[in-house]
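Examining the three-dimensional arrangement
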Amino acid sequence: MAYGGAAAGAALAGCVGGDDGPARPLEWIGPDWAVSDEQAAKMEEMSGVEVNTTIATIGDTQAQLLGGGSENTDVFTSDTTGSGALTRDNPVTIPMPVDDLENWDEEQISDLFTDPAERLSHLGEQVETVNDELWVDGDTRDEILFSPYAYNFDAMGYNPSFVDDVSLWSTQFDEQYEGEVIVGETAAITIPQAIMHLLDNDMIDGDIGQLNNPTQDQLDTAIDFLIEQKDAGQFRSTWEAYGESVTLMAGEEAVIGDIWQPAAMDVRREGTPCTYATMSEGIQGYRYWYGGMATLEGARERQNVEQVTFLYDQVHLGAWFPGFVQGRGYSVPHYENEELVRDGSDESGEGMGPEYYDWAYRGEATYEEIDEPSLFDPLDYDWSMEEGSPDSNGGTRDSGPIEERIDRIGFFQIWPSEADYMVSRWEDFLAA
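Residues numbered from 1 in each chain as written. Predicted model: local features only at pLDDT ≥ 70, side-chain atom pairs only at ≥ 80, totals over all residues. Heavy atoms only, no water.

You'll find the protein entered in an unreviewed UniProt entry as Spermidine/putrescine ABC transporter substrate-binding protein, with Natronorubrum sulfidifaciens JCM 14089 given as the organism.

1. Overview of the overall build of the protein
On a plain count of helices and strands, the protein comes out with 18 helices and 16 strands. Taking 2.2 N^0.38 as the reference for a compact globule, 432 residues should give roughly 22 Å; the C-alpha atoms of the protein span a radius of gyration of 22 Å, in line with that estimate. Expressed along its principal axes, the backbone C-alpha trace of the protein runs to roughly 65 × 50 × 40 Å. By sequence separation, contacts in the protein at least 24 residues apart represent 74% of the contacts at least 6 residues apart. Element-wise, carbon and sulfur atoms account for 41% of the exposed surface of the protein, whose accessible area totals about 16900 Å². For the protein, the distance from the average site of its 19 positive side-chain charges to the average site of its 88 negative ones is 2 Å. (Helix = DSSP H or I, 4+ residues; strand = E, 2+ residues; numbered from the N terminus. Rg over C-alpha atoms; globule rule 2.2 N^0.38 Å. Contact = heavy atoms within 4.5 Å. Areas by Shrake-Rupley, 256 points an atom, 1.4 Å probe, with all protein chains shown as cover. Lys, Arg positive; Asp, Glu negative; His and termini not counted. Charge placed at Lys NZ, Arg CZ, Asp CG, Glu CD.)

2. Quick look at the side chain of threonine 77
Note that threonine 77 resides in strand 3 (residues 75-79). Within the local environment of threonine 77, its side chain forms a polar contact with the side chain of tryptophan 28, the two groups lying 2.9 Å apart. Among the polar contacts listed, one links the side chain of threonine 77 to the side chain of tyrosine 149, at a separation of 3.2 Å. Setting aside chain neighbours within four positions, we find threonine 77 in contact with Trp28, Ile29, Gly30, Pro31, Ala34, Val35, Tyr149, Gly292 and Met293. (Polar contact = N/O pair within 3.5 Å; in protein donor to acceptor, adjacent residues only side chain to side chain.)

3. What about the environment of glycine 363?
Of note, glycine 363 is situated in the loop between helix 16 (354-362) and helix 17 (402-407). In this structure, the C-alpha to C-alpha distance between glycine 363 and glycine 395, residues 32 residues apart in sequence, is 9.6 Å.

4. Looking at the nonpolar core
Counting 123 residues, the largest nonpolar core has Trp104, Ile191 and Tyr288 as the members making the most contacts within it. Counting contributing residues, this core receives three or more from each of domain 1 (26-153 + 287-317) and domain 2 (156-277 + 408-431). Leaving out residues up to four positions away in the same chain, tyrosine 288 has contacts with Leu112, Phe113, Leu120, Tyr151, Asn152, Phe153, Ile409, Phe411, Phe412 and Gln413. (Core = buried A, V, L, I, M, F, W, Y, C linked by side-chain atoms within 4.5 Å. Buried < 20%, exposed > 50% of the residue type's maximum accessible area, 1.4 Å probe, protein only. Domains from an automatic or database assignment.)

5. Overview of the packing of aromatic side chains
Throughout the structure, instances matching the rule amount to 33 aromatic pairs. Between phenylalanine 153 and tyrosine 288 the ring centres are 5.8 Å apart and the planes differ by 25 degrees, which places this aromatic pair in the stacked class. Of this pair, phenylalanine 153 sits in strand 7 (residues 147-154) while tyrosine 288 is found in strand 13 (residues 286-296), placing the two residues 135 residues apart along the sequence. Comparing phenylalanine 153 with tyrosine 288, the two get one shared label, buried. When the centroid spacing of 5.0 Å and the interplanar angle of 20 degrees are considered together, the rings of tryptophan 320 and phenylalanine 324 count as stacked. Taken as a pair, tryptophan 320 and phenylalanine 324 lie in helix 14 (residues 320-326) at a separation of four residues, close to a single helical turn. Given a relative accessible area of 17%, tryptophan 320 falls into the buried group. One cation-aromatic arrangement involves lysine 230 over phenylalanine 429; the distance from NZ or CZ to the ring centre is 4.8 Å. (Phe/Tyr/Trp six-rings, centres within 6.5 Å; stacked < 30°, edge-to-face > 60°. Lys NZ or Arg CZ within 6 Å of the ring centre and 35° of its normal.)

Shown next as structure tokens:
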């Protein structure tokens, strides 16, 4: 890669862009779960190029970039609810050719990304929306539109002191938990989760292929149902900010909710047991999303296209990042490259090691006994870098091996076609 060495990068650090050379620092914008000081520091360590990060919500990122910010910013990060507005609907990005990526090897990248049509065939029409986010052309797959580097399979967190084993979104609507359930205030998340329940119980017309892109009639049915549930007192509260979900669960004001996996870990860190659900196969499966990055138009003018490619390919598809991002509960596309991710190293640093990798991806237990699994914090555990034997009383990763999680995906999270109607009707739910 050009400017791959620290010395070469440092030699360019004073340049200002345009005819004078690449502009510095590299400008990167995105939400705090996807853009961190550690990632920026790793880029600077490896390339000698300083990175300036701007933390912004997905909506604010869209507003800034569509308002002209794409001309002086090099790269943005989002998740799949926010990427399409910038890559397809109002394109301000430059695709990333696969041939420019040293670490994108179809033999080493999960077919969740290289061949979603086959791997996620059980999702029906939803697979088309996966290809639309990922590729310029889903048939040729030679240019990545929105390059994936972190993803998860979202479920529900619950307090095992009060709630039995959970595997269905329907549990949110179980009367035995009346007044003890929390749901998020994000329409594109909460509505499809409700549709899963309704569809599985023959309370709505449709099929699994429509879950992430519902019609107006389906939206009406789902929102009317949610309003009924809210009026009946099923929900303790709705939550808008991440911290709210943690506080409500940690204080045991709620015992089950559609919280994120990192939030479940933060509930544990507050001393309250929290288990992340293993979802069922079929219609009530996991909510799958991915976070990625895309090169902005400004990177071409600022002569930073190669540097954005380096940030993605060498930093995020390298050995160091999988262990870092697993601390947040997230996985990486190149986990199948065990020689690197599990047992190896590269210029970015060390891989995860056998114990951490096997726990995170294979569903194996820790080498040490864990007394209280629902309080286990992987960030506090001393992971062995040597081969060992899983303890029969060791802790296992909530939700199980990654291949099983992929098999149990129920819907792929996007911003739907009927978004304007969805948002207008969502106001009815929030106001109820």
